[in-house]
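# Structural features, examined
Listed below, chain by chain, are the residues.
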There are 2 protein chains.
Amino acid sequence: MSPAADNASFVFARALLHELAAGGVEHVCVCPGSRSAPLAVAASQTAGLRVWTHVDERSAAFFALGLARASRRPAAIVCTSGTAAANFAPAVAESFFGRVPLVVLTADRPPEARDFGAGQTVFQPGIFGAHLRWFHEAPVPEPDALLLREIRVLAARAVAMAAGRPAGPVHLNLPFRPPLHPEPVHAQALERIAEADPLAWTGRDGAFARFHPARLEPDPAAVDALAAAIRTSERGAVVAGPLDAEPALADALCRLARAAGWPVLADGLSGLRSGDLVKDAPLIAHHDALLRDAPLAEALLPDTVLRLGDTPTSKATRQWLAAAPDTWLVDPDGAWQDPEFAGGEVLRADPALLVSALLPRLEDALPRRDGTWLTRWRRAERAARDAVTACIDAEPGLYEPRSVRILAELAPEGCLLFASSSMPVRDVDGFLPVAAKRIRVVANRGANGIDGIPSSALGAAATAPPCAILLSGDLALLHDLGGLLAANRHEVALAIVVFANDGGGIFSYLPIARYGERVGFEESFRVPHGTRVEDVARLFELDHARAGDAAGLREALAAALRSRRTTLVEVPVDRDASVAHHRRVWRAAAEAARAEVLDRCPA
Amino acid sequence: MSPAADNASFVFARALLHELAAGGVEHVCVCPGSRSAPLAVAASQTAGLRVWTHVDERSAAFFALGLARASRRPAAIVCTSGTAAANFAPAVAESFFGRVPLVVLTADRPPEARDFGAGQTVFQPGIFGAHLRWFHEAPVPEPDALLLREIRVLAARAVAMAAGRPAGPVHLNLPFRPPLHPEPVHAQALERIAEADPLAWTGRDGAFARFHPARLEPDPAAVDALAAAIRTSERGAVVAGPLDAEPALADALCRLARAAGWPVLADGLSGLRSGDLVKDAPLIAHHDALLRDAPLAEALLPDTVLRLGDTPTSKATRQWLAAAPDTWLVDPDGAWQDPEFAGGEVLRADPALLVSALLPRLEDALPRRDGTWLTRWRRAERAARDAVTACIDAEPGLYEPRSVRILAELAPEGCLLFASSSMPVRDVDGFLPVAAKRIRVVANRGANGIDGIPSSALGAAATAPPCAILLSGDLALLHDLGGLLAANRHEVALAIVVFANDGGGIFSYLPIARYGERVGFEESFRVPHGTRVEDVARLFELDHARAGDAAGLREALAAALRSRRTTLVEVPVDRDASVAHHRRVWRAAAEAARAEVLDRCPA
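Residues numbered from 1 in each chain as written. Chains lettered and ligands numbered in written order. Predicted model: local features only at pLDDT ≥ 70, side-chain atom pairs only at ≥ 80, totals over all residues. Heavy atoms only, no water.

## Focus: the overall build of chain A
So the rule is basically this: The numbering of helices and of strands both runs from the N terminus, where a helix is a DSSP run of H or I of at least 4 residues and a strand a run of E of at least 2. The globule rule used for comparison is 2.2 Å times the number of residues to the exponent 0.38, while the radius of gyration itself is calculated over C-alpha atoms. In this scheme, a residue with accessible area under 20% of its type's maximum is buried, one over 50% is exposed, and one in between is partly exposed, where area comes from a 1.4 Å probe on protein chains only. Contacts are residue-level and defined by heavy atoms, with any inter-residue pair within 4.5 Å sufficient.
Looking only at helices and strands, chain A has 24 helices and 18 strands in total. Taking 2.2 N^0.38 as the reference for a compact globule, 603 residues should give roughly 25 Å; the C-alpha atoms of chain A span a radius of gyration of 26 Å, in line with that estimate. Seen through its principal axes, chain A has C-alpha atoms that stretch 85 × 60 × 45 Å. Taking all 603 residues of chain A together, 65% fall into the buried category. Sequence separation of 24 or more characterises 79% of the internal contacts of chain A that already satisfy a separation of 6 or more.

Take a look at the structure:
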């Protein structure tokens, strides 16, 4: 390979993009700009990179976040100088807290042009605040072999830091001097590099530099202590929070729980609600409904908890966790995801390696257990599940719980379900049943924003899972309206189910709702907007269907899932009726479980 | 006044908002959220505050920026915790570089909840990077008189710092513990404050604290030196860059130029192109077309330049400036707006005070000048203006230059014209004529982003000027699509003229365009999007008209200006034809001016 010797900016940009691809980056989201031209052109010319262009940098960054989250590989984003970079900030923050690998490439004016009144020039170093794994200011391109080598190593290091532990966003700020088009100005000087340092010029076969991360083996003493705690505690529980576990890990966790005789409280985002291997696992999906009820939470209180994944979605579960006397929190990054300050043991290790180390210590050595504890959980789960089903089946209207059940029923094997923040992720956590059919549930769970939802879901869908569904509220749809542009521009197939309640539904669940107009509830919290989903569909040339009841949703969703386009399936929801329905469902679940658990096993 | 003693969060929030209003804040943009409930409720209950609710924090912040820019007073923005705050970042950067006063209030979790895995929690302190005039973390509200006093003083200080020199964004991060609704939990402790420290409790009459800024008087020695430079330099020029000068300052600058016998190169954003007082002033509006021409730029090269305002919009003018041997740069903030590194004298002073100090030193003492220099400029300006007019009148198609002239013609006295970044601001700078009718031209000139344009313009229009026009490209419209929601929600009247060329028009002017598909020009730079302006109008229930020629634009714009609603006036533009037309116009202007200037005044 002998790249054209046009000018240093284009040579450096090509080297950077080439090394990103060699390091495993496959997707690059590019926003238009002049300062970023070397990067945009290099991205479009680099073998192995797929380029996704976007108008709005905020949407582009969330699209890349979705790509990276779904593919579990770093994605890159490119923007020009100025406020363009600031528009990346929301997705960068989500990437940081969600531990999603993102390589952020911001073109910039060279240092001499900053802070002297040049146009489209802001302070880009530091623009993402504390939300970065790594930052580096790249050198201004010039015909210099050492700097060209730096660019190649920078790319490798950026990918390593983004995909490292913890994964997250890295920011390379890339200054360019004119010309910003491939005019040959440094050709001779560049050709001298090609002769004098061919390795700098063409790179190596494959990556120029490659990083080998450490294996995060658990500390053997901690494994012994944890194994001892499991052996001595009959009333234990595995709590799998948002973890997006791959099948092998999900399987291992189920085997661990079975060996321990403990239930697994499987968060909607844990990756443990569905899949082949979990059929006989002691999985609890309805823990939110169960633990909202104080007598049940008390009756089901564990002595020992083994936590994996992020903070559970269910507030009831979080509070119940804090009451456990003995807590083990396992995290590969040593993240202290403990907002209730449960304290206890915090163990940094790869969860899969930990389970591998634990199982041999348990399977032969575990004392025989009478099964009361696990039976109690299984009965509670079954009672809650059946009561929820009965309650939503008896309801003539179509609300979120039944919609989630219908989604789970119609989604094909391997489907990706993106749950918007605010209510949808809670409804998925609350009502997505355990099933053998594999559905991968993802969400922007890092910072739980309602920003960038359509873009994130479109990016996730763009990794071409067998099918993809977004469950969203109308406010989240509106927040990232322009993000829908990517659906047709990039031919993404996504079934978007929109609960249309003309505003922010979550506030109706909060105490502030009781104060009504004394606190400006409608205008300041609900923020009714009056936009019609069908007009959104028309603007972006998306398919649209409205589903007023369960049969309608089944029909519309089935059509959307068959389609190779993006469809907006609108589910009109009356927010007050929906709140009342949720409360009936929770009450029914708790009553059914209480009858099973409290009567038979008095505290 | 005895505010309700419910809980400390609500008492503190009410005190804060009360003091902001007392300090001169009139507008608060509020986005929905739970953590921010005390602020949202307090804003809605505070006399003297007008609340504007928005779905999208990014749009909200730009709307506030528009309000603040147009009203020349600090506006406040409120959001909840998490990535919500990061969405403010683009407008905060623009506010910083545009020196627009903005008080940013971000609700946050209390310190103990941060970085331990709580939901919707990011690192808010530092989230705006270096783009702040001031940051302060407010105390967690509790029943404590000293802390309540701090809140009152914080509000005053925030307003003072935002409106100070330089003006810009301040960030108050405001932690709240539950309850986040006005439940009485601290009532007794709060009532004790009311008794023990009534001043803390109720505040003072008017503001609790008030800041008195210094007058930025010019250094007398520097005034003498500048006066001497003006007296000795016949070939001088006043260059009024983006300044948005109020009429009194515009008048003073014109008087200064007249006294000096110098032309005033009036940027489209200077505020000096229109108004009663400038009729006989030596105003040059077509300097961009003149100075694009190398022989003209040389013939018109000054010995001495007095610069005010930000870096001129015209690149030709910026480069011409750098060649002047003697440069005086006046800025009230001592901002070194000198990207070409002209160097010279930099004078920090209030421009109006400087002119007041200069005039007496000039009016009696100035040597008689023969007027050749000024006459040359006047002839060049007239020739350019007439040639531009002839060229656009001869053009059957409707392009941006003629559209700007039609806008200037139809805009009523006192109209506000918001020029989008990228091409519209350049077209306004290039083609807005000098006129007695006052049109106030504003733009996001701080960082020149195309983000937040509709929101910024709607915010500016919401200050109720006699009328308001936004001149935008379709890409800028699409970038902040959701911002259009504010038009009807808040009943804002704005005539939006959209040059619809299906993508980024500016790139066709750049050398990269010559490389075509070798650099992926269409897909990576132009980014055609295919959305229709009429569908945008339908979604947001805006009026819509399409103008294919001058008569059509006149008719549509006149109707839009009569309307009390927001109208999208779409002007379809073929980008290549538009580039060719611009080049014809510039050539015609230069040729006409050369015939006037070079032939008669050989260098």
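Still more ground to cover, so stick around.
## Considerations on the domain arrangement of chain A
All names here are of chain A. Note the threshold: The start and end points of each domain follow an automatic or database-based domain assignment. Accessible area that two parts lose when put together, evaluated with a 1.4 Å probe and summed over both, is termed the buried area. For this analysis, a salt bridge means a side-chain nitrogen from Lys or Arg found within 4 Å of a carboxyl oxygen belonging to Asp or Glu. Contacts described as polar in this section are N or O atom pairs within 3.5 Å, which, within protein, must combine one atom able to donate a hydrogen with one able to accept it, while residues neighboring in sequence count only if both atoms come from side chains.
Per the domain assignment, the segments of chain A are domain 1 (3-178 + 187-202), domain 2 (220-371) and domain 3 (400-572). Listed per partner, the contact involves 21 residues of domain 2 and 19 residues of domain 3. When the buried area of domain 2 at its contact with domain 3 is split by residue, Asp244, Leu269 and Arg273 rank highest and sum to 34% of it. Two residues, Asp310 and Arg445, come together in a salt bridge whose shortest N-O distance is 1.9 Å. In this assembly, domain 2 and domain 3 are joined by 13 residue pairs in polar contact (both at pLDDT 80 or more).

## Some thoughts on the sheet that holds strand S4 (residues 102-108) of chain B
Whenever strands of a sheet pair, they do so through backbone hydrogen bonds, lying parallel or antiparallel. Residues and elements named next belong to chain B. The condition that has to hold: In this description, strands pair whenever DSSP reports at least two bridges between them. Interaxial angle, 0 to 180 degrees, is taken between N-to-C directions of lines fitted to C-alpha atoms, where a helix line uses only the stretch in contact.
Pairing is parallel across the open sheet formed by six strands, whose spatial order is S2-S1-S3-S4-S6-S5. On the outer flanks of this sheet lie strand S2 (50-53) and strand S5 (134-137), each paired with one strand and no other. The sheet shows a mean angle of 20° between the axes of neighbouring strands, taken without regard to direction. The pairing of S5 with strand S6 (residues 169-175) spans four bridges and is classified as parallel. Each bridged residue has a counterpart across the sheet, and for Phe135 the counterpart in S6 is His171. Most of the contacts of helix H3 (residues 57-71) go to strand S3 (residues 75-79), to which it runs at about 170°, and overall it touches strand S1 (27-30), S2, S3 and S4.

## Here's the deal with the pairing of strand S1 (residues 27-30) of chain A
Residue and element names in this part refer to chain A. The line we're drawing: Look down the strands so they point away from you; if going from the first strand over the helix to the second traces a clockwise path, that crossover is right-handed.
Residues His27 and Cys29 line one face of S1 and the alternating positions Val28 and Val30 line the opposite face, and both faces are buried. Note: S1 against strand S2 (residues 50-53), four bridges, orientation parallel. In the sheet register, Cys29 faces S2, and the bridge partner there is Trp52. Crossover handedness for the path S1 to helix H2 (residues 37-45) to S2: right-handed. As defined by bridge partners, S1 adjoins strand S3 (residues 75-79) across three bridges and the pair is classed as parallel. Each bridged residue has a counterpart across the sheet, and for Val28 the counterpart in S3 is Ala76.

## Concerning the pattern of salt bridges
Residue and element names in this part refer to chain A. One pass over the structure, following the stated rule, counts 68 salt bridges over all chains. Across the pair Arg165 and Asp333 runs a salt bridge, and its minimum N-O distance is 2.7 Å. Taken as a pair, Arg165 in the loop between helix H6 (145-163) and strand S6 (169-175) and Asp333 in the loop between strand S11 (326-331) and strand S12 (345-348) lie far apart in primary sequence, 168 residues in all. Of the residues examined, Asp333 reaches a relative accessible area of 11% and is grouped as buried.

## Considerations on the nonpolar core
Put simply, the rule is: Remark: nonpolar core denotes a set of buried residues (Ala, Val, Leu, Ile, Met, Phe, Trp, Tyr, Cys) joined through side-chain atoms within 4.5 Å.
Counting residues in each nonpolar core, the largest one holds 135 residues, and the members touching the most others are Leu481, Phe540 and Leu568 of chain A together with Leu481, Phe540 and Leu568 of chain B. Not counting the four nearest positions on each side in its chain, Phe540 of chain B is found in contact with Leu481 and Thr531 of chain A together with Leu481, Gly482, Leu484, Leu485 and Asn488 of chain B.

## Quick look at the environment of Gln120 of chain A
With respect to the helices, strands and loops of the structure, Gln120 of chain A is situated in the loop between strand S4 (102-108) and strand S5 (134-137). Relative accessible area serves as the criterion here: at 30%, Gln120 of chain A is assigned to the partly exposed category. Once you skip the residues sitting within four places of it in the chain, Gln120 of chain A turns out to touch Thr80, Ser81 and Gly82 of chain A together with Ala447 and Asn448 of chain B.

## Notes on the state of the cysteines
Residues and elements named next belong to chain A. Inclusion rule: Two cysteine sulfurs form a disulfide in these notes if their separation is within 2.5 Å.
Tallying each qualifying case throughout the model produces two disulfides over all chains. The residue that forms a disulfide with Cys415 is Cys467, at a sulfur-sulfur distance of 2.3 Å. Between Cys415 and Cys467, the S-S torsion sits near -105°, and that sign places the bridge as left-handed. Remark: Cys467 occurs in the loop between helix H18 (453-461) and strand S15 (468-473) and Cys415 occurs in strand S13 (residues 415-419); sequence separation between them is 52 residues. You can see Cys79 has no disulfide; the closest cysteine sulfur is in Cys31, sitting 6.6 Å from it.

## Things to note about the relation of the copies chain A and chain B
Note the cut-off: Here the copies are superposed with least squares, the fitted atoms being C-alpha atoms of residues at a pLDDT of at least 70 in both.
Of the transformation superimposing chain A on chain B, the axial component is 0.0 Å and the angular component is 180°, with the fit at an RMSD of 0.0 Å. Expressed as an axis order, the relation between the two copies is that of a two-fold axis. Within chain A, the C-alpha atom positioned nearest to the axis of rotation is that of Gly129 of chain A, 2.6 Å from it. Here 99% of the interface residues in chain A have copies in chain B that are interface residues too; the copies meet face to matching face.

## Some details on the environment of Ala349 of chain A
Residues and elements named next belong to chain A. By secondary structure assignment, the location of Ala349 is in the loop between S12 and helix H14 (351-363). Taking relative accessible area as the criterion, Ala349 reaches 0% and is therefore assigned buried. Ignoring anything within four residues of it in the chain, the contact list for Ala349 reads Leu216, Glu217, Pro218, Val330, Asp331 and Pro332.

## Remarks on helix H1 (residues 8-22) of chain A
All names here are of chain A. Put simply, the test is: Expected helix span is taken as 1.5 Å per residue step, with the number of steps being one fewer than the number of residues.
With 15 residues, H1 extends 21 Å between its outermost C-alpha atoms, agreeing within 8% with the 21 Å of an ideal straight helix rising 1.5 Å per residue. With 13 of 15 residues buried, H1 lies mostly within the body of the structure. Backbone nitrogen of Ser9 and a side-chain oxygen of the N-cap are separated by 3.1 Å at the start of H1; the cap is Asn7. Backbone geometry just downstream of H1 places Gly24 in the positive-phi region, at approximately 110°.

## Here we look at the interface of chain A and chain B
The condition that has to hold: Think of it as three bins: nonpolar holds Ala, Val, Leu, Ile, Met, Phe, Trp, Tyr, Cys and Pro, charged holds Asp, Glu, Lys and Arg, and polar takes everything else, Gly as well.
At the interface, 83 residues of chain A touch 82 residues of chain B. Between chain A and chain B, the buried area comes to about 6800 Å², and carbon and sulfur atoms account for 65% of it. For the interface between chain A and chain B, the tally reads six salt bridges. Residues Glu541 of chain A and Arg532 of chain B are paired through a salt bridge, measuring 3.1 Å at the closest nitrogen-oxygen approach. At the junction of chain A with chain B, the criterion picks out 29 residue pairs in polar contact (both at pLDDT 80 or more). Here the side of chain A that touches chain B gets six residues from one element, more than from any other, and that element is helix H5 (residues 89-98) of chain A. Considering only residue class, the side of chain A that touches chain B consists of 40 nonpolar, 26 polar and 17 charged.

## Some thoughts on the packing of aromatic side chains
Applied cut-off: Put simply, two rings from Phe, Tyr or Trp (the six-membered ring, in Trp's case) pair if the centres are within 6.5 Å, and we call them stacked under 30 degrees between planes, edge-to-face over 60, tilted for the rest. Put simply, a charge is over a ring when the Lys NZ or the Arg CZ is close to the ring centre, within 6 Å, and near the line of the ring normal, within 35 degrees.
In this structure the tally under the stated criterion is 20 aromatic pairs over all chains. Ring centres 5.8 Å apart and planes at 80° place the aromatic pair Trp320 of chain A and Trp377 of chain A in the edge-to-face group. Residue Trp320 of chain A is found in helix H13 (residues 315-322), and its partner Trp377 of chain A is found in helix H15 (residues 372-393); the two are separated by 57 residues along the sequence. Owing to a relative accessible area of 0%, Trp377 of chain A belongs among the buried residues under this scheme. Seen from their ring centres, Phe96 of chain B and Phe97 of chain B are 4.9 Å apart, and the 75° between their planes marks the pair as edge-to-face. In this structure an aromatic cluster arises from ring pairing among Phe96 and Phe97 of chain A together with Phe123 of chain B. One residue, Arg133 of chain A, lies across the ring of Phe96 of chain A, its end atom 4.1 Å from the ring centre. Positioned above the aromatic ring of Phe208 of chain A, the side-chain terminus of Arg204 of chain A is 4.8 Å from the ring centre.

## Considerations on unusual backbone geometry
Cis geometry is found at the peptide bond from Arg165 of chain A to Pro166 of chain A, where omega equals -10°. For Pro166 of chain A, the location among the structural elements is in the loop between H6 and S6. Between Pro178 of chain B and the following residue, Pro179 of chain B, the backbone shows a cis peptide bond with an omega angle of 5°. Take Pro179 of chain B: it is sitting in the loop between S6 and helix H7 (187-196). We note that Arg99 of chain A has phi near 55°; this positive angle belongs to a residue other than glycine. Topologically, Arg99 of chain A is positioned in the loop between H5 and S4. The class for Arg99 of chain A is buried, based on a relative accessible area of 17%.

## Regarding helix H13 (residues 315-322) of chain B
Residue and element names in this part refer to chain B. As a reminder of what qualifies: Our arc is simply the arc of the directions from the helix axis toward the C-beta atoms.
Every buried residue of H13 is accounted for by Ala316, Thr317, Trp320 and Leu321. Along the long axis of H13, the arc covered by the buried residues comes to 135°, so they all point the same way. Near the N-terminus of H13, the side chain that reaches the backbone nitrogen of Ala316, with its oxygen 3.3 Å away, is that of Ser314.

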